[in-house]
Amino acid sequence: MNSLSSFLSNAVNFIWGPPLLILLLGGGLFLLIYSRFLPFRYLRHSINVLRGKYDDPNDPGDISHFQALSGALAATIGMGNISGVALAIAAGGPGALFWMWVSAFIGMATKYFTCTLAVQFRGKDSMGEIQGGPMYVIREALGKKWMPLAAFFCVAGFFGATPVFQTNQMVAVFKNVILIPAGVQDSFAVNLTIGIVIAALVAVVILGGIKRIGNVASKLVPFMVVLFVISVASIMVLNPSEIIPSFLFILEDAFTAKAMLGGAVGAVIVEGAKRAAFSNEAGIGMAPLMHGAAKTKEPVREGLVAMLGPAIDTIIVCTMTGLCILITGAWQSGESDGIVMTAQAFEISLPGFGPYVLMVCVMVFAITTIFGLAYYGQKCLSFLIGAKYGRYFYYWYIALVVVGSVASLTDVVNLVFVAYGLMAVPTMISTIVLAPKVMEATKKYFSEVYNS
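Keep in mind the model is a prediction, meaning the values are calculated, not measured.

Peer 1: How would you explain the overall build of the protein if you had to name every residue and give the values?
Peer 2: Within the protein, the regular secondary structure consists of 23 helices and two strands. At a minimum sequence separation of 6, the contacts of the protein that also span at least 24 residues come to 83%. With an accessible surface of roughly 17,300 Å², the protein has 66% of that area assigned to carbon and sulfur atoms.

Peer 1: Pulling in residues and values, what's your account of the packing of aromatic side chains?
Peer 2: Within the structure shown, the criterion is met by 19 aromatic pairs. Centre to centre, the rings of Trp99 and Phe255 are 5.6 Å apart; their planes meet at 65°, and the pair counts as edge-to-face. Pair noted here: Trp99 is in helix H7 (residues 95–120) and Phe255 is in helix H13 (residues 243–256), with a separation of 156 residues, a long-range link. Look at Trp99 and you get buried, because its relative accessible area is 16%. Of the residues examined, Phe255 reaches a relative accessible area of 52% and is grouped as exposed. Ring centres 5.6 Å apart and planes at 40° place the aromatic pair Phe393 and Tyr397 in the tilted group.

Peer 1: Any details on the packing of helix H11 (residues 188–206) against helix H19 (residues 354–385)? Residues and values, ideally.
Peer 2: At their nearest, the axes of H11 and H19 sit 10 Å apart, and the two run at 50° to each other. Classified by the interaxial angle, the pair formed by H11 and H19 is oblique. Between H11 and H19 the crossing geometry is right-handed. Contacts between H11 and H19 involve Ile198, Leu201, Val202, Val205 and Ile206 on the former and, on the latter, Ile367, Ile370, Phe371 and Ala374. Along the lines of polarity and charge, the residues of the contact of H11 with H19 split into nine nonpolar, no polar and no charged.

Peer 1: Residues and numbers for unusual backbone geometry, please.
Peer 2: Among all residues except glycine, the phi angle is most often negative; among peptide bonds, the trans geometry is most common. Unlike most non-glycine residues, Arg36 shows phi in positive territory, near 60°. Examined against the element boundaries, Arg36 turns out to sit in the loop between helix H2 (18–34) and helix H3 (38–41). Phi is positive for Phe37, close to 60°, though the residue is something other than glycine. By the secondary structure assignment, Phe37 is in the loop between H2 and H3. On the accessibility criterion, Phe37 (42% relative accessible area) is partly exposed.

Peer 1: So what's going on with H2? Residues and values would help.
Peer 2: For H2, built from 17 residues, the straight-helix expectation of 24 Å at 1.5 Å per residue is met to within 8% by its first-to-last C-alpha distance of 22 Å. Along H2, the positions that sit buried rather than exposed are Leu20, Leu21, Leu23, Leu24, Gly27, Gly28, Leu31 and Leu32. In the segment just after H2, Arg36 is the residue with positive phi, at about 60°.

Peer 1: Can you break down the environment of Gly157 residue by residue, with the values?
Peer 2: Mapped onto the elements of the fold, Gly157 is located in helix H9 (residues 147–160). Judged by relative accessible area, Gly157 falls into the buried class, the value being 1%. Each C-alpha atom of the pair Gly157 and Gly377 lies 6.2 Å from the other, and the pair is 220 residues apart in sequence. Apart from the residues lying within four places of it in its own chain, the contact partners of Gly157 are Met286, Cys380 and Met423.

Peer 1: Outline the nonpolar core, listing residues and values.
Peer 2: In terms of nonpolar packing, the biggest core is built from 90 residues, with Trp16, Ile198, Val202 and Leu304 touching the most fellow members. With 11 residues, H19 is the largest single contributor of residues to this core. Once you skip the residues sitting within four places of it in the chain, Val202 turns out to touch Ile367, Ile370, Phe371, Tyr397 and Val401. Counting 51 residues, the second largest nonpolar core, distinct from the first, contains Val232, Ile235, Ala254 and Val362.

Peer 1: Let's hear about the pattern of salt bridges: which residues, and what values?
Peer 2: For the structure on display, the rule yields two salt bridges. Glu140 is the salt-bridge partner of Arg139, the closest N and O atoms lying 2.9 Å from each other. You can call Arg139 partly exposed: its relative accessible area is 27%. Residue classification places Glu140 among the partly exposed positions, given a relative accessible area of 39%. Note that Lys175 and Asp186 form a salt bridge whose closest N and O atoms lie 2.9 Å from each other. Of this pair, Lys175 sits in helix H10 (residues 164–179) while Asp186 sits in the loop between H10 and H11, and the two are 11 residues apart along the sequence. Residue Lys175 is classed as buried on the basis of its relative accessible area of 10%.

Peer 1: Can you tell me about helix H8 (residues 134–142), naming the residues and giving the values?
Peer 2: All buried positions along H8 are accounted for by Pro134, Met135, Tyr136, Val137, Ile138 and Leu142. After H8 finishes, the residue Gly143 shows a positive phi value of roughly 90°.

Peer 1: Break down the packing of H9 against H19 for me, with residues and values.
Peer 2: Two numbers describe how H9 lies on H19: the axes approach to 8 Å, and their chain directions differ by 135°. In terms of their interaxial angle, H9 and H19 are classed as oblique. Crossing angle aside, the handedness with which H9 passes H19 is left-handed. Contacts between H9 and H19 involve Met147, Ala150, Ala151, Phe153, Cys154, Val155, Gly157 and Phe158 on the former and, on the latter, Cys380, Leu381, Phe383 and Leu384. Here the contact of H9 with H19 is built from residues that sort into 11 nonpolar, one polar and no charged.

Scoring rules and cut-offs
- Residues numbered from 1 in each chain as written.
- Predicted model: local features only at pLDDT ≥ 70, side-chain atom pairs only at ≥ 80, totals over all residues.
- Heavy atoms only, no water.
- Helix = DSSP H or I, 4+ residues; strand = E, 2+ residues; numbered from the N terminus.
- Contact = heavy atoms within 4.5 Å.
- Areas by Shrake-Rupley, 256 points an atom, 1.4 Å probe, with all protein chains shown as cover.
- Phe/Tyr/Trp six-rings, centres within 6.5 Å; stacked < 30°, edge-to-face > 60°.
- Buried < 20%, exposed > 50% of the residue type's maximum accessible area, 1.4 Å probe, protein only.
- Axes fitted to C-alpha atoms, helices over the stretch in contact; angles between N-to-C directions.
- Parallel < 35°, antiparallel > 145°, perpendicular 65-115°, else oblique.
- Left-handed = near helix turned anticlockwise from the far one by under 90°.
- Nonpolar A, V, L, I, M, F, W, Y, C, P; charged D, E, K, R; others polar.
- Expected span 1.5 Å × (residues − 1).
- Core = buried A, V, L, I, M, F, W, Y, C linked by side-chain atoms within 4.5 Å.
- Salt bridge = Lys/Arg side-chain N within 4 Å of Asp/Glu carboxyl O.

Quick look at the structure:
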């Protein structure tokens, strides 16, 4: 196990080096400039699309724009936004949050391009069903010579679409908030029992397919975001004098890295970029798998809806988590488990009931993430071995839920980072190559919308 841990740690450091950061952040910045800052110019239109103003029940696809965004957010607004932000601050200092913001702004353009392509170049799986995602974009738009890149994405996606981190942190918060205070001793058997219960709940939803996942996500995602935002807003109201100093501290540390890394600003940038990728996964390629199932004939509309994801996920939810941890001083506790650190912040400002509120948020955040990731992994396996056999991924996935309940947190996080880093390579390369196709569709779409 020590050798596996060492391998995963070294793999993360190697993969998340300058080349990948240039591809993700540099590539995203290129797309933002190339699109003439489109994500910020058409925000109002994107919200109208999300509201269903342009929905047509006869359009191809399986789920509505709102369900597609909810499903994608279900897979991204999760433990990366609570535990992940805490871990980012613990590892890189408060300045890491600033670089998460930068990555999110750039990521809005990346999401627009990747998710527009996911609908623009939808293909059929081996059962004749219409599908979307980076592997289909590569196959349909770039041809057979690029197929190894599509297969590479799916192999990485198979390992990246794992519920082990979410399960691990669900078990941790349930134990720390409910069981340990009640006198229940921490043990392997306790972890395993909780994991089996979670696995049973997951099985009921994901075995129902994409429509059930989209339906459940569209109901739970708005609830979990509102509950979490209200909770953290309450903490901010109780500590108003700490809000502005916390923002200033984030900005100062982003360029000095004095809080945790002794002036290694590059390390803070890497930590922020990694956590942003884990949080909103712009450029990784998972969200296009969900948005590719949207019921629409207009690829641009889905891209406009998708670009809202990083804004909601990272700029709003992650910021609130970060402020909560900084305002209460919980980040200086020395705690290495992200969810426990966040629970401490809630206990400090909302004594008695705060940890219970966080537990509810965590359970909903994590379980909806698990639903979304299951769909992603199934699509990757279906592309590799055929849609007829792709459903078997769900049984592997349910078993992984149980594994996550007893696994090491460090190894789990490193495995996900390795897979996400590898998935970004084919996603970003194909997106940059096909960017002119997206801009052609964009010009045509808006000329029709504003001239009709």
